[in-house]
Amino acid sequence: MLIKDSVAIVNCAETDFGLCIARECLKSGLKAVSLLHTDIKNGSRSLLILEKEFGKSKTIFINTDLVTEAEIEMAMKKTVDAFGSVDIVIYSPEMFRNKPQVTVGMNLNEATVGVRDLLAIDKYLSKWKNGEEGVIVNISYSTVFNDDCPSTNSNVISLCEYLSSISHYRATGIKILTLNPGYVGTSLCLNIARKVLPSARYQQVMQRLWGNLYQQKIELIAKAIVRILAEFETGDVWLVEENLCCQIENRSTSNSEKLKKFYL
């Protein structure tokens with residue numbers, strides 16, 4: 001699916017990651033984008049940055065709680081009212097609270113309920129997409145499946161496999177993509193040990209671990225999303241590590257020799 005003339009929703013709009021994804025999509029011809037998150041101050045900052053670069057007609061910010069059905073439904077309707085369609089949902093479970101169990105609950109609830117039911121594959125994307133296909137991109141990256149919330153990553157991938165069946169695609173016209181970048185050094189990720197981990201010992205271990213990791217450039221991840229959207233098949237799982245993008249073998253890929261890869 002080409003993103004030109006499509007309308008996208010990007011959550012985590014208050015982070016560097018969400019802002020960078022929205023910017024790269026707009027640079028590549030996206031018609032418009034809705035930025036979603038609960039942080040009004042930083043979300044509004046992202047909106048102003050994109051308005052300055054692309055004009056006020058290209059972007060809106062919607063202050064929404066991605067956990068509740070009413071708020072997500074409101075965001076989808078506002079996007080359609082503003083731009084006429086919803087074609088792409090780029091969804092990144094990058095929410096952290098002050099306790100590990102709350103973090104896990106937030107992310108699992110968002111990934112399962114938010115994407116499948118409330119982001120409305122049947123009710124919204126199937127009805128309001130501009131062309132024959134709509135796309136959901138689920139991003140499950142290193143920070144959200146460290147030791148404090150290991151089930152989030154597997155939950156997202158399993159959910160995407162379930163939603164990406166050929167029968168579901170034929171019925172809805174919605175393609176599902178899972179993207180798994182390496183360690184992402186956003187401002188939120190860099191503060192995660194202090195905000196989430198339960199003790200100084202855990203924080204020290206995590207800081208030593210992250211100190212040895214290559215910090216994935218968010219600009220490359222954003223470029224990868226644009227490139228992969230042009231050639232992926234529903235059910236694909238892609239890894240982005242440094243400047244390499246490669247398709248990972250999973251249930252939807254039966255021949256590993258046909259797996260795609262490219263360099264940014």
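Residues numbered from 1 in each chain as written. Predicted model: local features only at pLDDT ≥ 70, side-chain atom pairs only at ≥ 80, totals over all residues. Heavy atoms only, no water.

Now for the nonpolar core. Soluble globular proteins tend to pack their nonpolar side chains together in the buried interior. With 36 residues, the main nonpolar core has I21, I90 and L229 as its most contacted residues. With eight residues, the single largest contributor to this core is helix α11 (residues 218-229). Look past the residues within four positions of I21 in its chain and what remains in contact with it is V10, I90, I139, A222 and I225. Listed in part, the 17 residues of the second largest apolar core include A75, I136, I174 and I176. (Core = buried A, V, L, I, M, F, W, Y, C linked by side-chain atoms within 4.5 Å. Buried < 20%, exposed > 50% of the residue type's maximum accessible area, 1.4 Å probe, protein only. Helix = DSSP H or I, 4+ residues; strand = E, 2+ residues; numbered from the N terminus. Contact = heavy atoms within 4.5 Å.)

Per the stated rule, a full pass over the model turns up one aromatic pair. Taking the ring centre of F232 as reference, the NZ or CZ of K175 above it sits at 4.5 Å. Above the ring of F262, the side-chain terminus of R227 is found at 3.9 Å from the ring centroid. (Phe/Tyr/Trp six-rings, centres within 6.5 Å; stacked < 30°, edge-to-face > 60°. Lys NZ or Arg CZ within 6 Å of the ring centre and 35° of its normal.)

Inspection of the secondary structure assignment puts R45 in helix α2 (residues 40-54). A residue is classified by how much of its surface remains accessible, and R45, at 34% relative accessible area, is partly exposed. Counting along the chain gives 26 residues from R45 to L19, while the straight-line C-alpha distance between them is 9.6 Å.

To continue, consider the side chain of T59. Note on placement: T59 falls in strand β3 (residues 59-63). Of the residues examined, T59 reaches a relative accessible area of 2% and is grouped as buried. If we ignore the near neighbours within four places in the chain, the residues touching T59 are L26, V33, L35, L47, L50, E51 and F83.

Another point: the sheet that holds strand β7 (residues 237-241). Taken in spatial order, the nine strands of this open sheet run β3-β2-β1-β4-β5-β6-β7-β8-β9, and their pairing is mixed. Strands with a single pairing partner mark the edges of an open sheet, and in this sheet they are β3 and β9 (261-263). Geometrically, the sheet is characterised by an average inter-axis angle of 20° between neighbouring strands, direction not taken into account. The sheet strands contacting helix α1 (residues 16-27) are β1 (7-11), β2 (32-37), β3, β4 (88-91) and β5 (134-139), and the helix crosses β2 at an angle near 175°. (Pairing = 2+ DSSP bridges. Axes fitted to C-alpha atoms, helices over the stretch in contact; angles between N-to-C directions.)

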